[in-house]
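Summary of structural features
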Amino acid sequence: MTGIFRAGIISPGSYSAHNPYQGLNDTLDLFRIAEDIGYQTAGIRQRHLEWGSSSALTFLAAATQRTKAITLETNIVPLGYENPFRLAEDFSTVAALSLGRLAVGISTSAPHQELLTPLNRTDVSPFTDSYELIERFLEALQGKPLSEELITTPYGTLHAPSIHPHIPELINSVWLGAGSDRSTTWAAQHGLAISLGNLTNAVGDLSFEEAQRARIDLYYQEFKGENAPRVAVERVILPLDSANIEQTKHYQEFAAARNERTKQPQGERKTVIQPDLIGSSDEIIEQLKNDPSFDGRTELRIALPYAFDQQEYVQIIRDIADLILPALDWKSDAKQSWALETVGG
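Described in the following lines is the structure provided in the data block.

Basis of the calculations
Residues numbered from 1 in each chain as written. Predicted model: local features only at pLDDT ≥ 70, side-chain atom pairs only at ≥ 80, totals over all residues. Heavy atoms only, no water. Helix = DSSP H or I, 4+ residues; strand = E, 2+ residues; numbered from the N terminus. Contact = heavy atoms within 4.5 Å. Buried < 20%, exposed > 50% of the residue type's maximum accessible area, 1.4 Å probe, protein only. Pairing = 2+ DSSP bridges. Right-handed = clockwise from strand over helix to strand, strands pointing away. 1 Å grid on protein atoms, 1.4 Å probe; cavity = no way out; pocket = protein on both sides within 12 Å on 5 of 7 lines; lining within 4 Å. Points joined across faces, edges and corners; volume = space filled by probe spheres on them. Nonpolar A, V, L, I, M, F, W, Y, C, P; charged D, E, K, R; others polar. Expected span 1.5 Å × (residues − 1). Arc of directions from axis to C-beta.

1. Topic: the environment of N120
Within the secondary structure, N120 is located in the loop between α4 (113–116) and α5 (130–141). Setting aside residues no more than four positions away along its own chain, N120 makes contact with G80 and Y81.

2. Thoughts on the pairing of strand β8 (residues 174–177)
Two faces, one strand: in a regular strand the side chains alternate between the faces of the sheet. Alternating residues of β8 divide into V174 and L176 and W175 and G177, and every residue in both groups is buried. Where strand β5 (residues 102–107) lies against β8, 3 bridges are found, and the strand directions are parallel. Bridge pairing in β8 links V104 to V174. In the sheet, β8 pairs with strand β9 (residues 193–196) via 3 bridges, with the strands oriented parallel. Looking across to β9, one finds that G177 is bridged to S195. Crossover β8 to β9 through helix α6 (residues 181–189) is right-handed.

3. Points about the pairing of strand β11 (residues 231–235)
By the criterion of burial, β11 is predominantly enclosed, with 5 of the 5 residues buried. Of the two faces of β11, the one carrying V231, V233 and R235 and the one carrying A232 and E234 are both buried. Bridge analysis of β9 against β11 gives 3 bridges, and the strand direction is parallel. Paired with I194 across the strands is V231, a residue of β11. Inspection of the sheet shows β11 paired to strand β15 (residues 299–303) by 4 bridges, in the parallel sense.

4. Concerning the side chain of N75
Here N75 shows up in the loop between β3 (71–74) and β4 (77–78). With near-sequence residues (within four places) excluded, N75 lies in contact with I10, G43, I44, R45, Q46 and S195.

5. Observations regarding the layout of surface pockets
Empty pockets left among the atoms are what a rolling probe the size of a water molecule brings to light. The space that makes up the second largest pocket amounts to roughly 410 Å³. Forming the boundary of the second largest pocket are 22 residues, of which I171, N172, H190, G191 and L192 lie nearest the centre. Elements supplying a minimum of two residues to the lining of the second largest pocket: α5 and β8. If one sorts the elements of the lining of the second largest pocket by residue count, α5 sits on top with 3 residues. When the residues that make up the lining of the second largest pocket are grouped by side-chain class, the tally is 10 nonpolar, 7 polar and 5 charged.

6. Observations regarding helix α3 (residues 84–98)
An α-helical turn contains 3.6 residues, so any two residues separated by three or four positions project in the same direction. For α3, with 15 residues, the first-to-last C-alpha span of 21 Å sits near the 21 Å given by 1.5 Å per residue. Residues of α3 that are buried include every one of P84, L87, A88, F91, S92, V94, A95 and S98, and no others. An end-on view of α3 places all buried positions within 165° of arc, on one side of the element. On the buried face of α3, the contacting elements are α2 (56–63), β3, β4, β5 and α5.

7. As for helix α9 (residues 281–289)
Among the residues of α9, those classed as buried are S281, I284, I285 and L288. With its buried residues spanning 105° around the axis, α9 presents them on a single face. Looking at the buried side of α9, the elements it contacts are β12 (237–239), β14 (277–279) and α10 (310–324).

Here is the structure:
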């Protein structure tokens, strides 16, 4: 372990079923707070059929107007229900609004497929290979002409049909969620960055940490991109240093309820899951120093739990930035000019 040079947060964008505005607006405020603290990235999950953000890019379009410098990420957009060309248009539009601060996080998955597939277009084939969808998406993002024939537009010009707006550098900011050897190898051979969660498909009898390290090594071994390889891993971190009595009790109950699933592989894919990192800052620092996924190149994404309140989120990310990351050689970005919201004191 030689340190963490880049760190960010990932929010589920949780909200009450009766007041989605408040939860989403709080998350926008949290992105501003993360920027002021000095985190380099702020990401939003895309989840379906839940009380959380179901439209990551819509949310990030708003976040571009609330922040100035922090990189904004999707963590992640599952391609299973997306039209690759339309998705590329949406990413490009938000990239333009962000002035180059957007990171493109995608995956091959289709969560809740048994429920949502009947709502898709009737001509969409369930047999389409998910990696073919990624290839179509990358081609669109690159702005390649769709035809040699010119088209007429209301702007009075003739041009080859392609994606607009076209942000050429956006193709260099694509992350693939990689939880298997296939996705890890595919990303490496296509020069993409990889994002690894706090769960992964099992590798033999290896522990979670060993299995994830094996995937990172596979990625570097197979990488063929023109740009430098990049790896980011998620960790659920719950520091108790400045937590009050109620927060401490909540965090401990939350972690305890999730711990049983970490004791053995889960489901058909034999998914192995890392226990949440909870305790004092010193205890968490020691765990991260012994985590083989961090090698001085790996970036950290702090995965915020679902359905916590705003004061808890702020306490968590402040304690991590103030008490944990500096001990791991992290250097925060310069303080932003935006005033820090006084949430939770």
